[in-house]
Amino acid sequence: MISQHHADPGARRRLEGVPAAQYSSGVSGEENVEFDDGFDQAVSEAPPRFRRTLAVLKWSATGLAAVFVVLILFLLWSTRRPFPQISGDIEIAGLDGDVEVIRDEHGIPHIYASTVHDLFLAQGFVHAQDRFWQMDTWRHIGSGRLAEMFGEDQVETDAFLRTMGWSDLASGQYVATSDLGKEALAGYVAGVNSYLGQRSPAELGFEYTVMEAVNRNYTPEPWTAIDSVLWGKVMAWDLRSNMMDEIERSFLLDDFTPTEVEAFYPPYPEEHPVIVGNSAPRVAGPGLDAPPIEILQTVGATARNAALLDVATGGSGIGIGSNSWVIGPERSATGSALLANDPHLGIRMPSIWYQVGLHCAPKSEACPFDVAGFSFAGMPGVIIGHNDRVAWGLTNLAPDVIDLYVERINPANPFQYEVNGEWVDMEVRKETIEVAGGDAVTVTIRSTRHGPIISDDFGVLEDFTDNAGIPLPADYAIAMRWTALEENSSLVDAVLQIDLAHDFESFRDALRLFDVPSQNMVYADVDGNIGYQAPGLIPIRSNGDGRIPVPGWTDDYEWTGYIPFDELPFVFNPAEGYIVTANNPVVDGSYPYLLTTDWNYGDRAARIVEMIEANPSIDLDYLAAMQFDNYNRHADRLLPWILNLEVVGGDGGVLVRAKELLAAWDRNNDADSAGAAIFEATWRHLLRLTFQDDVVEDFWPEGGGRWSLAVARLMNFPDAPIWDDSTTGEVEDRTAILQAAFRAGVEELQELLGDKPDEWEWGQIHGASFRNETLGESGVGLIEGRFNRGPYPAAGGTDIVNAVGWYADEGYEVTWVPSLRMIVDMGDLANSLAIHTTGQSGHAYSSHYQDMIEPWLEGEYFPMEWERADVELGAEGKLVLTPPG
C-alpha cells in the first residue's frame, strides 16, 4: 500500500452555520476580469529577462496575439512568484542559532532546531511559505472580518461571528497560556512575520494578485498570537454538537407529540459497539433506548411529518465524523502496538492539514520536542501524530455542549431580560465591521447570563415564532450557552503537552487542558500499551437533556458544573486488545452522566470491529486496507428488499440487467462498481419519493446511518401512510415506492451514464472536487479554474469506513472526506505511513499543490519519514535559517 506515485502537477461543506466567503468581484463573467493598472506594475517588478519583452509588447502593433502572449507571461510569472525558497540560507533576526529545514520529496518540511523558540519560529515560517492565504482567511473567519477581504456579501456572516466574541475570548486565553505556550507562540509569530516582511502580498500567494483586481486596499496585517489561538475556536464551532437538532426538534413539536418525535430516532443497534466497556453486558440508557416501533404505523397524516426524520438523521452533518483505532501487541503481526486514524472533514483545497516534523537537535530538557504528524497552518505544534514514545489520534466525541435558552425580554426595554422574576440588564456591545469597497457597518450585540443572543443573526431562527412547538413568551430572544464561550484552557497548551507526552498518565494530564472541542483520543506507545480518554468540558444539567430549547428566565435548567475529568470515560489496555472509535457511543446507559443523546449509529465502528476480529495478526497493509474499506452495511438492510421486487415499467431490458448487477454486487462502494451506482441511486430516490412530498426543502433527507435504520424499521410496515406519495393522486404502499425508486434510479443513471448498465461506475457520479474555500467559490469560472481541482472518481460513501460522503438530497458529489490517513507502527516509527488529501502547498501551480490527490483516491500512502537519514535521502531541498551576521 506504500506509493511513491506523484500526481501530474497542474492537471464544500462550509463551516456549519458559517457561510463560505464569497469573492465579491462585481463581474458577470470571465471576459470582464481586469487587473487595472497591474500590468505596469508587472513590467516594473518582473525579472529582467521578462521586463524588456513586456515593455515592448505593451506598445506593439501586433494586436491580440501580443496581448495573449503578455497575459500568458504575466500569468506564468504571477503564479510562480509566491513559490517559497526551499534551499540555501535566509537570515532571520531573533534566532538563537541555525535552523535546518529539510523538505522531503513530497514537500513536507522536517525542522531541526536547538531551542524551542527557534523550532516554532521555523514552523511559523514554513506555514507562511506554503499556506499564508489559508492562514489569512482563517483568522478573518475567527475574528469576524471577512467583509474586509471580500466585501459586503460577508457582512451578515461577520455579524454572526462577532456575536460569538471569539477574538476577546482568544485574548483572554492567551493571557492564561502557560510560559511554554507563550514561548512557542512568540517564536511562531516571529517566524510568520519574518516571512511576511520579506515579501509583497503578491509574493505571498497568487490569490493576492487576484484580490488586487477588486480590493486594491487590502494588505495582510502582521500575524499575532491571538490569530493562532483563534483557530481553536473556529474548529470548536466546526465540530460542535447538536444545536441544530435542538432547533429542529422544537419545530417538530409544533406538529407532533414528544412520543411521536422520539419514534423517529431508531435505537442504537444492540450488536454495534460502544467505545468503553464493550465487553461488558450492554445497559440501556439515553441515546440507546428504543421508542415504540408501533408508532411508525400512524406516521404520514401531517403535512410536515417527515421533517422530523431530518432531525433523526442529525441534519447538520449526517455522517461526518472520523475513525480511529489502536491494536495491542497480542493482535499485531509486528508484536508492537499499532495506531490508525482518519478524521473526516469537509472537502477543500488546500487540505486543512499541514504535515511537519519538529525536532529539537539535540533533544534536551530545555528543548524537549521530537514529534511528527499533522498541524494546522496558523498554530504551533502537531495536532495528530507521534513523538519518540507515544502516538495519538482523534475523532469527534460530539458531546452535547450547547444549550439554547429562550429568554423573556422586557417589552419596554429590549436590553433587559427576566431572571427569577426580575428584569436584569443585558451585556451590550457595539462592533464595527469594515467593508471592502463600502461603508462600515455597526452591529449591536446583546448577551445574557447564558451567552450571546443568536436569534438576531442566526438565519434558521427567523421563523422560530411561527414554527416552534414549545411555549414562547410574547417578547423573547434565544441565547446560546456553549462551553467554547466559557473560560477554558488554551488549545495551544493542550497540543504542546500532548506533543511532549511520554506515557499514558502524561498523555491524560495533557488532555486535562483539552477543554474544547471535546474529542475521542486514542493512544499507543512503544512499550505496547494502548488507551483511550474522553476529555473536555461537558456540562451537568439540573434538568432536561439538552434536546430542545429551554426557559432561561428561571434557574430550573441551569448547568451545575462540568463532569470531573477523572470521571470522564477512559480505558487502558482493555481485555479485547483493541479500541475502536468512530463517533459511536462512548458508554452505555450505566454511565452516571449524560454525554449526549445524538451518537452516530455505529455502522463504521461495527465494520472496523468486524475486520479486527477477523484477523488475529494485523499488519500495516491490513490496516491500510481497513482504512480504505468500502463495504456498505446499509446495503445489508435494504438490498434484500430491492432484489425481491418485480421489475415494473421503464426500459425493461435495462431494468432487468441493473437488477442482475445488483444481485451480483459484493456490497462494496468501489469507484468502478456498477452495483454501487445502482444501489445508491435507488436509495437516493427512495428517500425522495417517500419523504419529499411531506417535507419542506430545508429538511429533505440527506441519507446516513440514522435514515438507513429508520427506513429499515419502516420496511416492516408495508401499508404505513408515510409510503404514500401525495403528488401522484394514487395511494402507494411500500412495494410501489420501492419499485418507483429503483426505476427512477436506473433512469437517472441512463441519463447520466448511458444505456449500458455494465459500463456504469459509482465513481462516475460520485466525484470529488477540491475547491478553494474563497476564490474557488467565486462564481467566476476563470478564477475558479486557477484554484480548484477535479472532479475525480471516488470510492466510498456515507457511513462507510472509507467515508467519502455525499448528501442524498443534493446529488452524488463528494461533500466530506477522510482528511488524512495515518498508520503508526510503535515498534518501528520509521515504518509508519500517512497521506492527506491534496498536497503540502497552498500555491495553485506548485508541484505539491495536488500531488497527493490521486494516491489518496487510490488508498495509497507515503512513508511517514522519521529518521533524519531517511528524510535526507529523498530531500528536494535544505534551507538554513540563520541569525544575521
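Summarised in this report is the structure supplied together with it. Just so it is clear, the model here is predicted, and its values are computed rather than measured.

Quick notes on the rules
- Residues numbered from 1 in each chain as written.
- Predicted model: local features only at pLDDT ≥ 70, side-chain atom pairs only at ≥ 80, totals over all residues.
- Heavy atoms only, no water.
- Axes fitted to C-alpha atoms, helices over the stretch in contact; angles between N-to-C directions.
- Helix = DSSP H or I, 4+ residues; strand = E, 2+ residues; numbered from the N terminus.
- Parallel < 35°, antiparallel > 145°, perpendicular 65-115°, else oblique.
- Contact = heavy atoms within 4.5 Å.
- Nonpolar A, V, L, I, M, F, W, Y, C, P; charged D, E, K, R; others polar.
- Pairing = 2+ DSSP bridges.
- Polar contact = N/O pair within 3.5 Å; in protein donor to acceptor, adjacent residues only side chain to side chain.
- Disulfide = S-S within 2.5 Å.
- Buried < 20%, exposed > 50% of the residue type's maximum accessible area, 1.4 Å probe, protein only.

### Points about the packing of helix H15 (residues 491-500) against helix H16 (residues 504-511)
- One can describe the packing of H15 onto H16 by two numbers: an axis separation of 8 Å at closest approach and a directional angle of 175°. Judged by the inter-axis angle, H15 sits roughly antiparallel to H16. Residues Ala494, Gln497 and Ile498 of H15 lie in contact with H16, whose contacting residues are Phe507, Ala510 and Leu511.
- Residue composition of the contact of H15 with H16, grouped by class: five nonpolar, one polar and no charged.

### Quick word on the sheet that holds strand S18 (residues 530-533)
- One open sheet accounts for eleven strands, arranged S1-S31-S2-S3-S6-S7-S8-S9-S17-S18-S22; its pairing is mixed. Among the strands making up the open sheet, the edge pair consists of strand S1 (88-91) and strand S22 (570-572). With strand direction ignored, the average angle separating the axes of adjacent strands in the sheet is 15°.
- Of the strand pairs in this sheet, S18 and S22 are connected by three bridges, and their pairing is antiparallel. Across the sheet, Tyr532 pairs through a bridge with Val571, a residue of S22.
- In the packing of helix H4 (residues 116-143) onto the sheet, contacts are made with S1, strand S2 (99-103), strand S3 (109-113), strand S6 (354-360), strand S7 (370-375) and strand S31 (877-882), and the angle to S6 comes to roughly 160°.

### Overview of the environment of Arg541
- Relative to the assigned elements, Arg541 resides in strand S19 (residues 539-541).
- Counting along the chain gives 21 residues from Arg541 to Tyr562, while the straight-line C-alpha distance between them is 8.8 Å.
- If near-sequence neighbours (up to four positions away) are discounted, Arg541 is found in contact with Asp400, Ile402, Asp403, Gly546, Glu558, Trp559 and Leu594.
- A polar side-chain atom of Arg541 sits 3.0 Å from the main-chain carbonyl oxygen of Asp400.

### Structural notes on the state of the cysteines
- Inspection of every chain in the model, using the stated rule, returns one disulfide.
- Residue pairing for Cys360: its cysteine sulfur links by disulfide to Cys367, the two sulfurs lying 2.0 Å apart. Note on the Cys360 and Cys367 pair: the S-S dihedral is about -75°, so by sign convention the disulfide is left-handed. A single burial state applies to Cys360 and to Cys367, both of which are buried.

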